[in-house]
Amino acid sequence: MGVSGSGKSTVADRLAKRLAWTFEDGDRFHPASNVAKMHAGHPLTDEDRWPWLQAIAGEIDRVCAAGEHAVIACSALKRAYRDLLVHAEATSASSF
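Residues numbered from 1 in each chain as written. Predicted model: local features only at pLDDT ≥ 70, side-chain atom pairs only at ≥ 80, totals over all residues. Heavy atoms only, no water.

**A word on the nonpolar core**
One finds Phe29, Trp52, Leu53, Ile56, Ala57, Ile60, Cys64, Ile72, Cys74, Ala76, Tyr81 and Leu85 forming the largest nonpolar core, which totals twelve residues. Elements with a contribution of two residues or more to this core: helix H3 (46-65) and helix H4 (79-85). In terms of residue count, H3 provides more of this core than any other element does, six residues in total. Setting aside residues up to four positions removed in sequence, Ile72 forms contacts with Glu24, Gly26, Ile56, Glu59 and Ile60. (Core = buried A, V, L, I, M, F, W, Y, C linked by side-chain atoms within 4.5 Å. Buried < 20%, exposed > 50% of the residue type's maximum accessible area, 1.4 Å probe, protein only. Helix = DSSP H or I, 4+ residues; strand = E, 2+ residues; numbered from the N terminus. Contact = heavy atoms within 4.5 Å.)

**Details of the pairing of strand E2 (residues 70-73)**
Of the two faces of E2, both are covered, the one formed by Ala70 and Ile72 as well as the one formed by Val71 and Ala73. With four bridges connecting them, strand E1 (residues 22-25) and E2 associate as parallel partners. Paired with Asp25 across the two strands is Ala73, which belongs to E2. (Pairing = 2+ DSSP bridges.)

**Description of the confidence of the model for the chain**
For any part of a model where pLDDT is low, the fine detail of the predicted coordinates should not be relied upon. Per-residue pLDDT for the chain averages 88, and the proportion of residues at 70 or more is 88%. With pLDDT under 50 throughout, residues 90-96 is counted as low confidence; its partners more than four residues away or in other chains account for eleven contacts. (pLDDT = per-residue confidence, 0-100.)

**What about the pattern of salt bridges?**
Counted according to the given criterion, the structure contains seven salt bridges. Residue Arg79 is joined to Asp83 by a salt bridge in which the shortest nitrogen-to-oxygen separation is 3.8 Å. Here the residue Arg79 and the residue Asp83 both occupy positions in helix H4, the gap between them amounting to four residues, near one helical turn. Taking the relative accessible area as the measure of exposure, Arg79 reaches 59% and is therefore exposed. Accessibility expressed as a relative area gives 42% for Asp83, which makes it partly exposed. Each of Glu59, Arg62 and Glu68 takes part in one network of salt bridges that share partners. (Salt bridge = Lys/Arg side-chain N within 4 Å of Asp/Glu carboxyl O.)

**A few points about the environment of Phe23**
Structurally, the position occupied by Phe23 is in strand E1. We classify Phe23 as partly exposed; its relative accessible area is 26%. The spacing of Phe23 and Asp13 is ten residues in sequence and 5.6 Å in space, taken between C-alpha atoms. Here Phe23 is in contact with Ser9, Ala12, Asp13, Ala16, Val71 and Ala73, once residues within four sequence places are set aside.

**Overview of unusual backbone geometry**
With a phi angle near 65 degrees, Ala20 is a residue other than glycine that sits in the positive phi range. Along the chain, the position of Ala20 falls in the loop between helix H1 (8-19) and E1. For Ala20, a relative accessible area of 70% corresponds to the exposed category. A positive phi is found at Ala76, a non-glycine position, where the angle reads about 40 degrees.

Written as structure tokens, this is what we have:
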């Protein structure tokens, strides 16, 4: 997690390769409306981010349920965002 341009995708990709896990860039989970908004130069609001974060949380749940492992890079700068993403950790802490 970190701000844009901080190297999180690069580090996450290298970590995933080293662990032989799947790497996912969190940007691929944005709904089309978010992509269009960002492409137009408009910042996302918290309301815009919730579906994106829920999609990432869903991927975490899917990976854990399948007994797989993944490294997912995303900004998640606010505590509330991170809290949403770690909800699966309570049931599958050993998967991440």
